[in-house]
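Spelled out from the first residue to the last, the chains are:
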Amino acid sequence: MAWRCSGGSNEQLIENLWRSGLITDPRAKEAFLKVDRAHYAPHSPYEDSPQYIGHEATISAPHMHAMAIENLLHYLTPSAASPAPRVLDIGSGSGYLTHLLAELVGERGLVVGLEHIPALRQIGEENMRKSTEGMKLLDSGKVKFRVGDGRLGLKEPVRRGEEAHGTDWDVIHVGASARELHQALLDQLKAPGCMFIPIDDDASGVMQSVWRISKDKEGKVHKKNMCGVRYVKLTDPPI
């Protein structure tokens, strides 16, 4: 049912994703309903399709964001083991998924959107400020946008009172296709933790697959190929 979930409003889009089984968890559905895609997509925001946002970047189709959230949800929500989930959104682009992630990490969670182009980092933050809830998330420090090389991950300092949790990430989402599973990202993933990342299937990069990479509490890595995809590249900033 992917690509068939378009609606005339944000509510219709999310209901279609729900009825099609692309969103299955009520917590995920609630988050999607809270974040109006019209604040992030430049046109036809309720179509289930990717859109160009400039700077050789796109906002992914809603069904791909639903797949990401559903596969990461267990690690996104607060638990006894991780009461303040830390989430890194690499290739945050429009800021839409960054906002969705922030709706799920609880009061003490942290979500950082990382972009390699300063103008895209600015777009994500400006889009979030279009809504009252987005402004609150930014002003509280619960959401931050940074500039950096996503292939290297990010060492975001811990907040006061949370030093024991360290700087690693409970969740890493990558919104662009990597040439490989970069070791720096794997090293920065907590145990337990989970990563959602598209990776080129071969050197040409024409074919790509999205992978769910998880670590158990002993640090053992589990990899699952989810499906074939087409993403923009995780590369150097344009010159």
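The structure displayed is predicted, hence computed values, not measured ones.

A.B. asks: Explain the overall build of the chain here, please?
C.D. replies: Summing up its helical and strand segments, the chain has seven helices and nine strands in all. Scaling as 2.2 N^0.38, a compact globule of 239 residues should have a C-alpha radius of gyration of about 18 Å, and the chain matches this with 16 Å. Overall size of the chain, expressed as C-alpha extent along the three principal axes, is 45 × 45 × 40 Å. The buried share of the chain, taken over its 239 residues, is 52%. Expressed as a percentage of contacts within the chain between residues at least 6 apart in sequence, the contacts between residues at least 24 apart total 58%. Accessible surface, the chain: about 10900 Å² in total, of which carbon and sulfur atoms supply 52%. With 29 positive and 31 negative side-chain charges, the chain shows a separation of 3 Å between the mean positions of the two kinds.

A.B. asks: Would you take a moment to explain helix 1 (residues 10-19) for this structure?
C.D. replies: Owing to its 3.6 residues per turn, the α-helix brings residues three or four apart onto one side. Buried within helix 1 are the following residues: Asn10, Leu13, Ile14, Asn16 and Leu17. Looking down the long axis of helix 1, one finds its buried residues gathered within 160° of arc, a one-sided arrangement. On its buried side, helix 1 packs onto helix 2 (26-34) and helix 3 (62-76). Where helix 1 ends, the next residue or the one after it, Gly21, has phi of about 80°, a positive value.

A.B. asks: I tried to follow the sheet that holds strand 9 (residues 221-229) on my own but got confused; where do I start?
C.D. replies: The strands making up a sheet associate through hydrogen bonds between their backbones, and the pairing can be parallel or antiparallel. Within the open sheet, the seven strands sit side by side as 5-4-3-6-7-8-9. Their pairing is mixed. For this open sheet the edge positions go to strand 5 (143-147) and strand 9, each flanked by a neighbour on one side alone. Ignoring which end each strand starts from, the neighbouring axes of this sheet average 15° apart. Against the sheet, helix 3 touches strand 3 (86-90), strand 6 (169-174), strand 7 (189-200), strand 8 (208-215) and strand 9, its axis set at about 165° to strand 7.

A.B. asks: Is there a simple way to explain the pattern of salt bridges in this structure?
C.D. replies: Two side chains with opposite charge may pair up if their charged atoms get near one another. Scanning the model with the defined rule gives 14 salt bridges in all. Across the salt bridge formed by Asp25 and Arg27, the nearest N and O atoms sit 3.0 Å from each other. Under the relative-accessibility criterion, Asp25 is labelled buried at 17%. In this structure, Arg151 engages Asp149 in a salt bridge whose closest nitrogen and oxygen atoms are separated by 2.9 Å. Overall, the relative accessible area of 15% leaves Arg151 in the buried class. The network of salt bridges with common partners includes Arg121, Glu125, Arg129 and Asp139.

A.B. asks: Sorry if this is basic, but what is going on with the packing of helix 1 against helix 2 here?
C.D. replies: Helix-helix packing is characterised by the crossing angle of the two axes and by the distance between the axes. It is the contact of helix 1 with helix 2, at a shortest axis distance of 9 Å, that shows an interaxial angle of 160°. In this view, helix 1 runs roughly antiparallel relative to helix 2, as classed from their interaxial angle. Like other packed secondary-structure pairs, helix 1 and helix 2 cross with a definite hand, here right-handed. Residues Asn10, Glu11, Ile14, Glu15 and Trp18 of helix 1 pack against Pro26, Lys29, Phe32 and Leu33 of helix 2.

A.B. asks: Hey, could you run me through the pairing of strand 7 in this one?
C.D. replies: In summary, the side chains of a regular strand alternate between the two faces of the sheet. For strand 7, the buried fraction is high: ten of the twelve residues fall into the buried class. One ladder, built from four bridges, connects strand 6 with strand 7; its direction is parallel. Residue pairing for strand 7: His173 is matched across the bridge by Phe196. Note: strand 7 against strand 8, eight bridges, orientation antiparallel. Residue pairing for strand 8: Met195 is matched across the bridge by Ile213.

A.B. asks: It is not clear to me how the layout of surface pockets should be interpreted in this structure. Could you clarify?
C.D. replies: The rolling of a water-molecule-sized probe over the atoms marks out the regions of remaining empty space. Approximately 650 Å³ is the volume found for the largest pocket. Around the largest pocket, the lining comprises 41 residues; the ones closest to its centre are Thr58, Gly175, Ala176, Tyr231 and Val232. The set of elements that each furnish at least two residues to the lining of the largest pocket consists of strand 2 (57-59), helix 3, strand 3, helix 4 (96-102), strand 4 (110-115) and strand 9. Counted by class, the lining of the largest pocket contains 18 nonpolar, 17 polar and six charged residues.

Thresholds applied
Residues numbered from 1 in each chain as written. Predicted model: local features only at pLDDT ≥ 70, side-chain atom pairs only at ≥ 80, totals over all residues. Heavy atoms only, no water. Helix = DSSP H or I, 4+ residues; strand = E, 2+ residues; numbered from the N terminus. Rg over C-alpha atoms; globule rule 2.2 N^0.38 Å. Buried < 20%, exposed > 50% of the residue type's maximum accessible area, 1.4 Å probe, protein only. Contact = heavy atoms within 4.5 Å. Areas by Shrake-Rupley, 256 points an atom, 1.4 Å probe, with all protein chains shown as cover. Lys, Arg positive; Asp, Glu negative; His and termini not counted. Charge placed at Lys NZ, Arg CZ, Asp CG, Glu CD. Arc of directions from axis to C-beta. Pairing = 2+ DSSP bridges. Axes fitted to C-alpha atoms, helices over the stretch in contact; angles between N-to-C directions. Salt bridge = Lys/Arg side-chain N within 4 Å of Asp/Glu carboxyl O. Parallel < 35°, antiparallel > 145°, perpendicular 65-115°, else oblique. Left-handed = near helix turned anticlockwise from the far one by under 90°. 1 Å grid on protein atoms, 1.4 Å probe; cavity = no way out; pocket = protein on both sides within 12 Å on 5 of 7 lines; lining within 4 Å. Points joined across faces, edges and corners; volume = space filled by probe spheres on them. Nonpolar A, V, L, I, M, F, W, Y, C, P; charged D, E, K, R; others polar.

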